[in-house]
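Fold and contact review
Given next are the chains, with one letter for each unit.
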Amino acid sequence: MMRTLLIRGMLVGLAAAALAYVVAWFLGEPQVALAISFEEAKAAATGEVHEHEVFSRTVQETFGLITALVVYGVAFGGLFSIAFAFAHGRIGDFRPRTTAALVALVGFAVIYVVPFLKYPPNPPAVGSEDTIGSRTTLYVTLILLSLLTTAVALYAGRRLAPRLGGWNAALAAVGVFAVIIGIIYAVMPEVNEVPGDFSATVLWRFRLASLAIQLTVWGTLGLLFGGLTDRVLGRRAGVPTAVSV
């Protein structure tokens, strides 16, 4: 069964990558093009020599973007299936599609939204090349801390459930998560390298596009993986799949 779930997760991740590419093409790439134009105009105005790209923009926005999304989607699809296998039956007596939706929702919030709010993505022309390493380290560190905080919150919720009940324990777990993340936000350094003359509209739209891409990936994983798995597990258990949780 685990092998079947893993393969299904990777295939669903491939479908998520295809949908994410459509979103990236229509929402993200126009903002990237505007950011690059800003960078080139600024270099021309200051007399700087604009470095020649190893790959052309056409290659970057087609083959490069597709490759990156496929690798990302398949990898996260496999990890998602493992998380689903661990969570199903342990977080409540839910149908597979509900478990998948909850795992996707939590994964989207913990792995993407939490780092996004502290260190939002930036288009080209925003950020110094000298700080790429440090900014990447901060972002990855925040993801790991978010995952660790989630584990602490889940542990607290399970410990409190016998005394408070399931619903109140879940609210307490969310509160624990929010407090710890708030402290982490306050402790971790700020990063603000946006040029003063950079278009706020382009920056805002780029970040919204990034959010939409991630929402597409996680939404597809939760809904499509959940629907397919619900049909299989429901049929094996002899339970009508039309029954809702």
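Residues numbered from 1 in each chain as written. Predicted model: local features only at pLDDT ≥ 70, side-chain atom pairs only at ≥ 80, totals over all residues. Heavy atoms only, no water.

1. Examining the overall build of the protein
Short version of the rule: Helix and strand assignments follow DSSP, with helices taken as H or I runs no shorter than four residues and strands as E runs no shorter than two, numbered in order from the N terminus. Residue exposure ignores everything except the shown protein chains as possible cover, and the areas themselves are Shrake-Rupley values with a 1.4 Å probe.
In terms of helices and strands, the protein carries 6 helices and 0 strands. With an accessible surface of roughly 14,300 Å², the protein has 70% of that area assigned to carbon and sulfur atoms.

2. Quick word on the side chain of Ser-146
The condition is simple: Counted as a polar contact is a pair of N or O atoms within 3.5 Å, where, for protein atoms, one must be capable of donating a hydrogen and the other of accepting one, and residues adjacent in sequence contribute only when both atoms are in side chains. By the convention used here, residues are in contact when the closest approach between their heavy atoms is within 4.5 Å.
Relative to the assigned elements, Ser-146 resides in helix α4 (residues 132–164). At 2.8 Å, the side chain of Ser-146 forms a polar contact with the backbone oxygen of Val-110. Leave out the neighbours within four places in its chain, and Ser-146 touches Val-110, Val-114, Phe-177 and Ile-181.

3. So, the environment of Thr-220
Here Thr-220 is to be found in helix α6 (residues 200–237). Sequence-wise, Thr-220 and Ala-15 are 205 residues apart; in three dimensions their C-alpha atoms are separated by 7.7 Å. If we skip the residues at most four places from it in the chain, Thr-220 touches Val-12, Ala-15, Ala-16, Leu-19 and Phe-225. Engagement of the side chain of Thr-220 in a polar contact is seen with the backbone oxygen of Thr-216, the distance being 2.7 Å.

4. Notes on the pattern of salt bridges
Operational definition: Note on definitions: salt bridges are taken to be side-chain nitrogens of Lys or Arg within 4 Å of carboxyl oxygens of Asp or Glu. Burial status follows relative accessibility: with a 1.4 Å probe on protein chains alone, a residue under 20% of its type maximum counts as buried, one over 50% as exposed, and anything between as partly exposed.
Throughout the structure, instances matching the rule amount to 4 salt bridges. Where Arg-95 meets Asp-230, a salt bridge forms, and the shortest distance between an N and an O atom there is 3.0 Å. Separated by 135 residues along the polypeptide, Arg-95 in the loop between α2 (57–87) and α3 (96–118) and Asp-230 in helix α6 bring together distant segments of the chain. On the basis of relative accessible area, Arg-95 is assigned to the buried category, the value being 11%.

5. Concerning the UniProt feature "transmembrane region" (unreviewed entry) in the protein
Heads up, the rule is: UniProt positions are given in the numbering used here, feature names are shortened, and annotations may be inferred rather than shown by experiment.
As annotated in UniProt, the feature "transmembrane region" (unreviewed entry) corresponds to residues 63–87, 99–117, 137–157, 169–188 and 208–228 in the numbering used here. As a span, residues 63–87 carries 100% helix and 0% strand, and end to end its C-alpha atoms are 35 Å apart. Across residues 169–188 one finds 95% helix and 0% strand; the C-alpha atoms that close the span lie 28 Å apart.

6. Here's the deal with the nonpolar core
Where we set the bar: Each nonpolar core is a collection of buried residues, namely Ala, Val, Leu, Ile, Met, Phe, Trp, Tyr and Cys, held together in the definition by side-chain atoms within 4.5 Å.
Leu-69, Phe-80, Ile-213, Trp-218, Leu-221 and Phe-225 are the most contacted members of the largest nonpolar core, which has 25 residues in total. Within the residue set of this core, elements represented by two or more residues are α1 (2–46), α2, α3 and α6. Sorting elements by how many residues they give to this core places α1 first, with 8 residues. Apart from residues lying up to four places away in sequence, Leu-221 is in contact with Gly-9, Val-12, Gly-13, Phe-76, Gly-77, Phe-80 and Gly-226.

7. With respect to α3
Where we set the bar: Here, expected helix span is obtained from the residue count minus one, scaled by 1.5 Å. For a residue, the bend is simply the angle between two axes, fitted respectively to the seven-residue segment ending there and the seven-residue segment starting there.
Here α3 contains 23 residues, and its C-alpha end-to-end distance of 33 Å stays within 8% of the 33 Å for a straight helix at 1.5 Å per residue. Of all the bends in α3, the greatest, near 35°, is centred on Tyr-112, and the proline Pro-115 appears no more than four residues after it.

8. Digging into the packing of aromatic side chains
Our working definition: Centre distance within 6.5 Å is the pairing criterion for rings of Phe, Tyr and Trp, where only the six-membered ring of Trp is used; planes under 30 degrees apart are then read as stacked, over 60 as edge-to-face, and the remainder as tilted.
Counted by the stated rule, this structure contains 8 aromatic pairs. Judged by centre distance (6.1 Å) and plane angle (35°), the ring pair of Tyr-21 and Trp-25 falls under tilted. With Tyr-21 and Trp-25 both in helix α1 and 4 residues apart, the pair spans about one turn of that helix. Residue class for Trp-25 comes out partly exposed when judged on its relative accessible area of 34%. With 4.5 Å between their ring centres and 35° between their planes, Tyr-72 and Phe-76 make a pair best called tilted. Within this pair, Tyr-72 and its partner Phe-76 are both found in helix α2, separated by 4 residues, close to a single helical turn. Residue Tyr-72 is classed as partly exposed on the basis of its relative accessible area of 23%. Look at Phe-76 and you get buried, because its relative accessible area is 18%. Ring pairing ties together the aromatic residues Tyr-72, Phe-76 and Trp-218, which thus form one cluster.

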